[in-house]
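Given next are the chains, with one letter for each unit.
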Amino acid sequence: MRLLPLALPGVPPRAEQLVRGRVAQQAAAALDPTLQGAERQTALAQAVDAWIAAHADDYGRDVAAETTRLREALQYRDAAGRPRTLLGDYDSYTWLRAARTGLETGESCDALVDGACRDTFTLAPLGVTTPYGHSPHVAAIIAVQRVATWFDAQWPLPASAYLVPVLLGMLGVVPAFCIANGLAGPVGGVAAGIISALHPLLLQRSLGSDNDIWNVVLPLYMVWAVLAGLGATTRVRQALGGGVGGTVLALHAAVWRGWEFGFAVVVAGLAAALAFHALAWIAQRREARIWGAAGVRAVGVVGLAYLAAAWLGTGGATLSVLSQIVPAALAPAAPIADATVSFWPPTLETVGELSAMSLGGIAAQSYGVLIFFVGWLGLLLLVLPRRHWLAGHFAVLSGSALLYRYLLTTVGLNNAALVGLLALPLGAALAVDLMRDDAEASQDASDIGAGLVVAVWLLAALLLSYRAVRFMLLLAAPFGLAAGVAIGRLHLALDEWATPYGRLARGAVTAAALALLFLPLRISYGTAGAYLPRIDRAWVEAFSAIDASTPPDAIVNTWWDYGYWAKYYTRRRVSADGSSLLTHVPHWLARAQLASSEAESLGLLRMLNCGSDAQPYPEGAAGAHARLVQHGLDPLAAYDAVVRLAPLDRAAADAALAELDLDAAARADVLAATHCTPPAARLVLSSAQVNLAGWWRIGKWDVHTRRPGSRGLLTSEWVSCAPTGALWRCPIGAVDAPQHRIDTVVYPADDPRQARVATTQLDSGQTAEAPPDRLLLAGADGVVTVGDRDADGVGVVIDTVGHRVLVGSPSGIGSSFVRLMYLDGRDMLHFRRVDERNGAWGNRVVTWAVDWP
């Protein structure tokens, strides 16, 4: 399944969608222009189906041609001329670049400064210290590449990078199987291996070459070693299990800064197991000398060995984590926020993978409600004995099933309360276990102690998953183990029932238990089959052209999503990439692209390319904002000063700084960060940015009111207009506000200034017609602006030559981005288009040379 995306099985369905879309565009032109809303959509769908039925051969040829085009757009040719699928996601390219650097120079860091690894290509022109320069993930890519080139000298590095998560995913099946096999038998082991390794979110995040797979596989090995130690009968083996677990943790600390989560989970799980064994000893023996309990001794030896190995492997960093575990567990979950001054836009909130989750959303991304429910039953079964149940065990299971089913549909509970309710049945089950006093109790206690470690892991991962989508990745392993335990325990019960009936009956119940894996396998197959690269050849060729046409010190300015791609293919520095999210750079870069004047766009790009704004990193001191604060301005006043200085030439900027009572030395210091002579620069834009809501929000963020920017454009592409008598009519049909729809734009052929926008209030059905709040008339001779409203309302761009329109907010249609991407940069003096390419999905990638004054 992990190799499936290399064959691009998701291309034919997408090709068919694109062809249907083109047919729909043609059919829309022939529809009655008075049709609106649902009525228009129904008529359009019928017209498309009728055309396809009448032109089946043409439709089939078009789909086949589109399939071929898309495959070529998503592939490259290696040195031997063989087609290869592009590495699919964003972050993969930072590891790929580090591996290339390591292979070329012997050192994966761009530079070593005082022993610290520097990424000199990010936050240009500054660079930044990176904790991942010597990551095992980079070493793994290099190792696979070296092995692969023994067999094929022309084997490409991206292909090796793709194989690393494939190999690690395979290795992760082993500990998952062994853990669940020990808790619920071999069928449970098979189920856990499959469900944990093929978790849909894990697949989505690791079908490129990101390092996320390590954050699932290494914790599995760590917990496997710890549980093996708990199950050992000698002190040496117990210490060995704990020591190996701590050593794996140290390796994880080299891979990911969030290794503290795995460490805290194991410590908390061992503490829960210790408490259980101690209480069981006291309940059964009626004495307080708990060291006499074998389970207590095992947890003690394993725990001490684990802590010692982890402390040595992390350079003592575990001590600070231990001091924070209890306060962090008791504190309410705080939202993820920028570590910056509050008036700055909350950039992290615009990142989709950092959006908060609900229990229903978590279930939907964990194979759906049915398998999710199985996993939560497995959570309970982790602390229930395998056999010899008491009546209380059955009561807890029944009540828990009803509670879990209710919690999957309830809303309004805070995260801590929800997790508490999920954990409540565990406490009830443990209470029943503590009341047992039979021959099997001691053997079951060993399983329950190990199960508690997994249960704590699962609950902690769930609590973290509520905070952000990306943290659901941490749920894959413990959820897979719990679901495997549920299926394994079901098989054990059925197998015990079927044993008297012979091998055939036992085989049948085994097959029935394994058949439960059909659903997760089908879902995972669909997830892998639908995966397509985010990058395409348009981006590759655009960035490669920059590599071929610019000096080595050039800076590439592109939205942070595309920064890692740019660094890899251009071999040039970039102003922003994924590592810049905590800084102010994304705001300034978005504001530069969405500025209402060329002078402001140019000035903000110059400011970024002179000194960036890397606050709160130490490099942030080089930026203009930090320098202004250093010279006595408060942070908000410094922000306003940067905005004021950006569109000015150096002499006017110096005069503006003098008005702020800065002396000559201070003025020169600030101007060095705002009005230097920058290196050569390129601005790379994509029409896909229109649909990035976060880009509009932070680019137009008002620091004084703390309000996000407007919606930007409602139409991501030009809408063609049709003549109706003396008018041109342009169908829009887009909802721009709750209960408010923009239906059409109409304008007289002889006087486009008289354009009108027809709207409908959806709740009342009331219609209205009014002139747009801002109108841009783009003709052969330039662009004329009618109206100056820049806030709420409706803005329209009319291409008077091609008779087509764009619709959006007044500030959106008046932005530099719209002038560059849709109006060919006309009337702009310092942006020169040097490259334009069409992407796989209809998006355009346009490169502009920045001609500094």
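First things first, this report covers the structure right here in the doc. (Residues numbered from 1 in each chain as written. Predicted model: local features only at pLDDT ≥ 70, side-chain atom pairs only at ≥ 80, totals over all residues. Heavy atoms only, no water.)

**Overview of the state of the cysteines**
Thought 1: Tallying each qualifying case throughout the model produces three disulfides.
Thought 2: Bridging Cys 109 to Cys 117, the disulfide has an S-S length of 2.0 Å. Disulfide Cys 109-Cys 117: torsion about the S-S bond near -120 degrees, hence left-handed.
Thought 3: Between the sulfur of Cys 721 and that of Cys 730 lies a disulfide, 2.0 Å long from S to S. The sign of the S-S torsion, about 100 degrees, decides the handedness of the disulfide formed by Cys 721 and Cys 730: right-handed. (Disulfide = S-S within 2.5 Å.)

**Section: the sheet that holds strand S12 (residues 740-748)**
Think of a sheet as strands paired side by side through backbone hydrogen bonds, with each pair either parallel or antiparallel.
Thought 1: Ordered by their spatial adjacency, five strands build an open sheet running S10-S11-S12-S13-S14, and the pairing between neighbours is antiparallel. Strands at the two margins of the open sheet, each flanked by one partner only, are strand S10 (722-724) and strand S14 (766-770). On average, each strand axis in the sheet is inclined to that of its neighbour by 30 degrees, with strand direction left out of account.
Thought 2: When strand S11 (residues 727-737) meets S12, the two strands line up antiparallel, connected through eight bridges. Within the sheet, the bridge partner assigned to Arg 729 lies in S12 and is Val 746. (Pairing = 2+ DSSP bridges. Helix = DSSP H or I, 4+ residues; strand = E, 2+ residues; numbered from the N terminus. Axes fitted to C-alpha atoms, helices over the stretch in contact; angles between N-to-C directions.)

**So, the pattern of salt bridges**
Thought 1: Taken as a whole, this structure holds 31 salt bridges when the rule is applied.
Thought 2: One continuous salt-bridge network, built from bridges that share partners, spans Arg 97, Asp 110, Asp 119, Lys 567 and Asp 577. (Salt bridge = Lys/Arg side-chain N within 4 Å of Asp/Glu carboxyl O.)

**A few points about helix H26 (residues 635-645)**
Thought 1: For H26, every residue scored as buried is listed here: Ala 638, Tyr 639, Ala 641, Val 642, Val 643 and Leu 645.
Thought 2: Lining the buried residues of H26 we find helix H23 (585-594), helix H24 (598-611), helix H25 (624-630), helix H27 (650-659) and helix H28 (664-674).
Thought 3: If you check the start of H26, you find a side-chain oxygen 3.0 Å away from the backbone N of Leu 636, and it comes from Asp 634. (Buried < 20%, exposed > 50% of the residue type's maximum accessible area, 1.4 Å probe, protein only. Contact = heavy atoms within 4.5 Å. Polar contact = N/O pair within 3.5 Å; in protein donor to acceptor, adjacent residues only side chain to side chain.)

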